[in-house]
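# A look at the structure
Listed below are the residues making up each chain.
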Amino acid sequence: MQVSGSELIGAKEAWTRPGALEIYGAPEGADAMAIAEAASIRAAAVLFIARDGARAAATAEALRFFAPSMPVVEYPAWDCLPYDRVSPSPAISSARMAALSLLVSHDGRSPLIVVATVNAATQKTPPKEMIAASRLAAAPGDVVSMDKISAYLAANGYARASAVREAGEFAVRGGLIDIFPPGAEEPIRLDFFGDQLESVRSFDAASQRTTRALTQIDLAAASEILLNDESAARFRRNWIAELGPAGDDPIYASASAGRKQAGMEHWLPLFYDRVDTLFDFMPDGLVILDHQAEEAAAARFASIKDYFEARAESAVERRPKSAEFSAPAYRPLKAERLYFGESDWAERLGGQDRRLLTPFAPPEGRRAYSFGAKVGRGFAAERAAERSNVFDAVVAHARALGADGKRVFAACWTEGSADRLRSVLNDHGVTAGHFTDWTSARAGKSSGIDTILLGLETGFVAGKAAFISEQDILGDRLVRRGRRKRAENFLTEAGALSIGDLIVHVDHGVGRYLGLKALEVQGAPHDCIELEYAGGDKLFLPVENIELLSR
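Residues numbered from 1 in each chain as written. Predicted model: local features only at pLDDT ≥ 70, side-chain atom pairs only at ≥ 80, totals over all residues. Heavy atoms only, no water.

### Some points on unusual backbone geometry
Just so we agree on the cut-off: The helix and strand labels rest on DSSP assignments: H or I over at least four residues marks a helix, E over at least two residues marks a strand, and numbering proceeds from the N terminus. Per-residue accessibility, obtained with a 1.4 Å probe over protein chains only, is compared with the maximum for each type, and a residue is labelled buried under 20%, exposed over 50%, and partly exposed between these values.
Not every positive phi belongs to a glycine, and Ala43 is a case in point at roughly 50 degrees. Position of Ala43 relative to the elements: it lies in the loop between helix H2 (30-42) and strand E2 (45-50). A relative accessible area of 32% places Ala43 in the partly exposed class. The backbone of Gln292 shows a phi angle near 75 degrees, a positive value even though the residue is not glycine. By secondary structure assignment, the location of Gln292 is in the loop between strand E13 (286-289) and helix H10 (293-316). Since its relative accessible area comes to 41%, Gln292 is described here as partly exposed.

Okay, here's the thing in structure tokens:
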């Protein structure tokens, strides 16, 4: 998108020329349009690095609106601190591995948008060869044994469970294997007839009901650390070479024995001969930096340094072993083994084609590219005025924009809020249409003000389109918190049960209700539902989890 001015370059040159360039006139919201334009013009992979997780999530959603036909892949950062004693959550690890697996298989000749954060991009990854080797594809009709699938899942970081609930879990039940693949919205069920894969279906994890049939499966590893004899031996060698004798360190003991240990991922480089970076998975990709991403990266490097120094100092000043409840000494890897350093980051970015987004206008007398967007009008004054109707002001503003040749869209967070807004606009003499993506919106007929399904904090004007957000109009969203998902026949209160009733726990199956019992948990009484199973086994379920039971 271009604006007038003799010093401004065209969009094709701006997105395809090598080296670094600033992209002006791209405020938040419009930046997703600019990224979609870049991917469309280059017809290749584009990496957007957001300053934080909230910006990454909002931009990914906006990209799915503005570029509905392009794959948009989210690559999240670990949800734990550097040098922590806990591991990233299975869902985060699975999402990261799914993204890397997709990048390994990308042909490099079609548009693809990867959305990452500064924290994610500054952290190193397992080597590309490991990601490529951990992929498994199959389709109904293929001859592949259940034992082979089960062995693959166990070797690639999947956790065996009685029922699949979270990404990275699998369950074997008779001739069925349930799997929650990394990056998938729903788990899948593999149905075997002997050694032949008969069908692949996705299903709802809560109700266990099939949602649709699938034509194939494409599995990736669920963990960034794959434990086997080879990786354990490599870990031992690297640990001793870099950190010295292990002593009684629990991480060393667990990894050497091939067992998972909380926090093990913070020693990830020791399991491999080398580690890669996100940039290695898309070496020819265009890197687009969020506004203020450079400041976020500087803060990230400073915090990593602080965490490392704190851990290193703690290891030196460790309390005596005889001290009660003392944690084992933490042996941190040097920061550059798992993270970029400030100089390495600048050097790596310097070798990539990159663009820096900024909401500001281009400077005078300089060749530059402007996306040409600007922040739209808010209606705070009308909301504050006693005798003013904010919707009258919105309609009047929309008509003025229309007279200037612009199509006006009201951006709503949900279908429900869009319905309510259209109803209000109808009361003010506007018959509004509705669109769920940018392709249909541009092709559709204008109604004066059309609602679209796009979460925007603030509206903007870009070219011949003007966007007004819910928050511009109301100062808040029309979003209601969704209810917790549950099966239709789940119980809602203990009073609906009688002693001796047979009930079904979603994970543990049929049991007999014995009543309520107060148990002491961490020094305080806690009401629990007492269930009895075959053989006299007992299960005590906290009352706040009663939705897990059904008759």
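### A look at helix H7 (residues 146-155)
Spelled out, the test is: Arc definition: it is the arc formed by the directions from the helix axis to the C-beta atoms. In what follows, a contact means two residues having at least one pair of non-hydrogen atoms within 4.5 Å.
Listed in full, the buried residues belonging to H7 are Met146, Ile149, Ser150, Tyr152 and Leu153. Projected down its long axis, H7 shows its buried positions confined to an angular sector of 160 degrees, all on one face. Away from its buried face, by an angle of more than 90 degrees, H7 presents the exposed residues Asp147, Lys148 and Ala154. Looking at the buried positions of H7, the neighbouring elements they touch are strand E5 (136-138), strand E7 (169-173), strand E8 (176-179), strand E9 (188-193) and strand E12 (217-219). Backbone geometry just downstream of H7 places Gly157 in the positive-phi region, at approximately 90 degrees.

### A short note on the sheet that holds strand E11 (residues 210-214)
For clarity, the threshold we go by: Think of it this way: DSSP has to see at least two bridges between two strands before they count as a pair.
Strands sit in the order E6-E7-E8-E9-E10-E11 across an open sheet of six strands; the sheet is mixed. Each of the sheet's edge strands pairs with one partner strand only, and the pair in question is strand E6 (159-160) and E11. The pairing of strand E10 (residues 196-203) with E11 spans four bridges and is classified as antiparallel. The residue bridging Phe203 from the neighbouring strand is Thr210, located in E11.

### What about the side chain of Arg234?
Structurally, Arg234 can be placed in helix H8 (residues 229-243). The class of Arg234 is buried, set by a relative accessible area of 10%. Sequence-distant contacts of Arg234, that is, excluding residues within four places in its chain, are made with Leu270, Phe271, Tyr272 and Asp273.

### Remarks on the packing of H2 against helix H3 (residues 53-66)
We count it as follows: In this description, a line fitted to the C-alpha atoms serves as the axis of each element, helices being fitted only across the stretch in contact, and the angle between N-to-C directions of two axes falls anywhere from 0 to 180 degrees. Convention used here: angles under 35 degrees read as roughly parallel, angles over 145 as roughly antiparallel, angles from 65 to 115 as roughly perpendicular, and any remaining angle as oblique. Two helices that cross are described as forming a left-handed crossing if the nearer one is turned anticlockwise from the farther one by less than a right angle, and a right-handed crossing if clockwise.
As a packed pair, H2 and H3 sit with axes 9 Å apart at the nearest point and diverge in direction by 60 degrees. With respect to H3, the element H2 is oriented oblique. When you trace H2 past H3, the crossing you get is right-handed. On the side of H2, the interface is formed by Asp31, Ala32, Met33, Ile35 and Ala36, while H3 contributes Arg55, Thr59, Ala62, Leu63 and Phe66.

### Details of the pattern of salt bridges
Note the following rule: By convention in these notes, a salt bridge is any Lys or Arg side-chain nitrogen within 4 Å of a carboxyl oxygen on Asp or Glu.
In total, this model carries 26 salt bridges according to the counting rule given. For the salt bridge of Glu28 with Arg55, the shortest nitrogen-to-oxygen distance reads 3.9 Å. Taken together, the residues Glu28 in the loop between strand E1 (20-24) and H2 and Arg55 in helix H3 connect sequence positions 27 residues apart. Where Glu382 meets Arg377, a salt bridge forms, and the shortest distance between an N and an O atom there is 2.3 Å. Under the relative-accessibility criterion, Glu382 is labelled buried at 15%. Arg377 sits in the partly exposed class, given a relative accessible area of 37%. Here the salt bridges share partners, and the residues they tie into one network are Glu28, Asp31, Arg51, Arg55 and Asp290.

So, to be careful, I would describe these as geometric facts and stop short of saying anything about function.
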